[in-house]
Amino acid sequence: MANPIQLKTPFRNYVEQAKPQGAAVPEGLQSLLIALVGTCRTLSDEVAQGALIGILGSAGTGNVQGEVQQKLDVIANDLLIEGVQGCAALAGIASEEIEEPLPVGKGVGDYLLLFDPLDGSSNIDVNVSIGTIFSILQKPNPNTPLTTSDFLQEGRKQVAAGYVVYGPQTTLAITLGDGVDLFTLDAVSGEFLLIKQGIAISASTKEFAINMSNMRHWAAPVKRYVEECLAGVSGPRQKDFNMRWIASMVADVHRVLSRGGIFMYPWDQREPGKPGKLRLMYEANPMSLLVEQAGGQSINGVDAILDLKPHGLHERVSVMLGSAEEVSLLRAYHAQG
Ligand code: AHG
Ligand code: MN
Ligand code: MN
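The rules we used
- Residues numbered from 1 in each chain as written.
- Chains lettered and ligands numbered in written order.
- Predicted model: local features only at pLDDT ≥ 70, side-chain atom pairs only at ≥ 80, totals over all residues.
- Heavy atoms only, no water.
- Helix = DSSP H or I, 4+ residues; strand = E, 2+ residues; numbered from the N terminus.
- Rg over C-alpha atoms; globule rule 2.2 N^0.38 Å.
- Buried < 20%, exposed > 50% of the residue type's maximum accessible area, 1.4 Å probe, protein only.
- Axes fitted to C-alpha atoms, helices over the stretch in contact; angles between N-to-C directions.
- Parallel < 35°, antiparallel > 145°, perpendicular 65-115°, else oblique.
- Left-handed = near helix turned anticlockwise from the far one by under 90°.
- Contact = heavy atoms within 4.5 Å.
- Nonpolar A, V, L, I, M, F, W, Y, C, P; charged D, E, K, R; others polar.
- 1 Å grid on protein atoms, 1.4 Å probe; cavity = no way out; pocket = protein on both sides within 12 Å on 5 of 7 lines; lining within 4 Å.
- Points joined across faces, edges and corners; volume = space filled by probe spheres on them.
- Donors = N, O, S within 2.8 Å, 3.2 Å for Na, K, Ca; no water.
- Near = heavy atom within 4 Å.
- Polar contact = N/O pair within 3.5 Å; in protein donor to acceptor, adjacent residues only side chain to side chain.
- Areas by Shrake-Rupley, 256 points an atom, 1.4 Å probe, with all protein chains shown as cover.

Student: Mind showing me how you'd approach the overall build of the chain here?
Tutor: The helix and strand inventory of the chain stands at 7 helices and 17 strands. What you see for the chain is a C-alpha radius of gyration of 19 Å, in line with the 20 Å of a compact globule of 337 residues. Based on the C-alpha atoms only, the size of the chain along its principal axes is roughly 60 × 45 × 45 Å. For the chain, the proportion of its 337 residues judged to be buried stands at 55%.

Student: I would appreciate a short explanation of the packing of helix H4 (residues 220–230) against helix H7 (residues 324–336) in the present structure.
Tutor: Between two packed helices, both the angle of their axes relative to each other and the distance between the axes serve to describe the pair. At a minimum axis distance of 9 Å, the contact between H4 and H7 shows a crossing angle of 135°. Looking at the two axes, H4 sits oblique to H7. Viewed along their axes, H4 and H7 form a crossing whose handedness is right-handed. On H7, the residues that touch Pro 221, Val 222, Arg 224, Tyr 225 and Glu 228 of H4 are Glu 326, Leu 329, Leu 330, Tyr 333, His 334 and Gln 336. When grouped by side-chain class, the residues that make up the contact of H4 with H7 number 6 nonpolar, 2 polar and 3 charged.

Student: Quick question: what am I supposed to make of the side chain of His 254 here?
Tutor: Structurally, the position occupied by His 254 is in helix H5 (residues 249–259). Accessibility expressed as a relative area gives 18% for His 254, which makes it buried. Dropping the residues within four chain positions of it, His 254 is found in contact with Tyr 163, Val 165, Thr 171 and Leu 182.

Student: Honestly, the packing of H5 against helix H6 (residues 280–293) in this entry has me stumped. Any pointers?
Tutor: The geometry of H5 relative to H6 is characterised by a closest axis approach of 11 Å and an angle of 10° between their N-to-C directions. Judged by the angle between their axes, H5 and H6 are roughly parallel. From H5, Met 249, Val 250, Val 253 and Leu 257 reach across to H6, where they touch Glu 283, Ala 284, Met 287, Leu 290 and Val 291. Residue classes in the contact of H5 with H6 are distributed as 8 nonpolar, no polar and 1 charged.

Student: Is there a simple way to think about the side chain of Ser 323 in this case?
Tutor: Relative to the helices and strands, Ser 323 resides in the loop between strand S17 (319–322) and H7. A relative accessible area of 0% places Ser 323 in the buried class. The residues contacting Ser 323, other than those within four sequence positions of it, are Ile 201, Ser 202, Ala 203, Ser 204, Thr 205, Gly 260 and Gly 261.

Student: What should I look at first to understand empty space enclosed by the protein in this one?
Tutor: Where empty space is left becomes clear once a probe the size of a water molecule has been rolled over the atoms. Per the stated rule, a full pass over the model turns up 2 cavities of 30 Å³ or more. What lines the largest cavity is a set of 13 residues, and nearest its centre among them are Ala 2, Tyr 14, Leu 176, Asp 178 and Asp 181. Considering only residue class, the lining of the largest cavity consists of 7 nonpolar, 4 polar and 2 charged. Within this model, the second largest cavity holds a volume of roughly 40 Å³. Lining the second largest cavity are Ile 210, Asn 211, Asn 214, Trp 218, Met 264, Tyr 265, Pro 266 and Asp 268. Here the lining of the second largest cavity is composed, by residue class, of 5 nonpolar, 2 polar and 1 charged.

Student: It is not clear to me how the coordination of the manganese ion (ligand 3) should be interpreted in this structure. Could you clarify?
Tutor: Protein coordination of the manganese ion (ligand 3) is provided by Glu 96 (OE), Asp 116 (OD) and Leu 118 (O), with donor distances spanning 2.1 to 2.2 Å. Mapped onto the sequence, the residues coordinating the manganese ion (ligand 3) show the spacing E-x19-D-x1-L. A gap of 3.7 Å separates the manganese ion (ligand 3) and the manganese ion (ligand 2), which Asp 116 links by coordinating each metal. Among the residues examined, Asp 116 registers a relative accessible area of 0% and is labelled buried. Residue class for Leu 118 comes out buried when judged on its relative accessible area of 1%.

Student: Help me understand the site of ligand 1 in this model?
Tutor: Residues in contact with ligand 1 amount to 17 residues; listed here are only the nearest, Asp 119, Ser 121, Met 249, Tyr 265 and Lys 277. Met 249 is positioned with one of its backbone polar atoms (N or O) 2.8 Å from an oxygen atom of ligand 1. In this structure, an oxygen atom belonging to ligand 1 sits 2.6 Å away from a side-chain N or O atom of Tyr 265. Across the complex, the protein chains shield 86% of the 470 Å² of accessible surface that ligand 1 would expose by itself. Those elements giving two or more residues to the shell around ligand 1 turn out to be strand S5 (111–119), strand S13 (262–265) and strand S14 (278–279). Ranked by residues supplied to the shell around ligand 1, first place goes to S5 with 3 residues. When grouped by side-chain class, the residues that make up the shell around ligand 1 number 7 nonpolar, 4 polar and 6 charged.

Student: Help me understand the coordination of the manganese ion (ligand 2) in this model?
Tutor: For a metal bound by four donors in a tetrahedral arrangement, the ideal donor-metal-donor angle is 109.5 degrees, while six donors in an octahedral arrangement ideally sit at 90 or 180 degrees. At the metal site, the manganese ion (ligand 2) is ligated by Asp 116 (OD), Asp 119 (OD) and Glu 283 (OE), and these contacts range over 1.9 to 2.1 Å. One chain supplies every donor for the manganese ion (ligand 2), spaced along it as D-x2-D-x163-E.

Quick look at the structure:
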């Protein structure tokens, strides 16, 4: 774990004090993180106002994935893009909601920011937890103009990753590559205050998360794993499992970080050509870094997600992450075919 920092320290002081792997966070990265997290605070305020400020409902447009955009998908995307424009160290942005990367300034600088501005779009209008997921990479050649291939780096190269969940509380989870720390937004001061350092995911669990309505479409190893969970104490696992599915990855992963569990959105036969539903660069990679940094595992069935070489900004991937014993078992079932 990184150097201990006093609980209730505001996020901006935390980034100044943090020493992941013994060295201070570079100033450019500090400013970027502070601007990003500050914008999530603004977004949190807007989410909390909901219908009062007319932000619910469909935007009537589609995104690059061919998905219908909600008003809040567009609002969150615009707010985040605007909120980091002043960061001199930021060279470019990639988002779920925009097809091509956006250069910031001249497109030169040390860092690249990727995000899912609003995760859990189907939950916006029903007042269920939603969130923002982000990933920060180093730009390979800081002084040359921005290209898409600058972003196509393995997840293990992320210098920071995290999410903000807009739920009963607004909570930030972040890793700078040396453990995972948690913050809660304090409505009084308007600051994210440190509430926990060094989150650890329990190795064993009795809780799984998957969209069960897709069961008939899954591949054999996933079917076997879930059927064995469902068989409970008299089945091969010899224990009863509980199931949860929020349909916001950000909230499901937050539960896994908080009390263990396994979260799966595997490949299925509905669209056999697609490796999965979730996006590698701004959903699976940041969540996988958080999970591994908290002692859990994250795979696509076969390989660690963080080791996958990306081929496209909006590439999809099969995701199985969480408590180490469960993810290892799923990996073994995939290896057996
Ligand atoms: P997004 O709202 O950014 O498009 O992501 C939604 C994702 C993910 O958050 C969630 O786990 C999954 O979609 C839910 O899918 P189902 O509706 O198939 O359950
Ligand atoms: Mn999402
Ligand atoms: Mn989204």
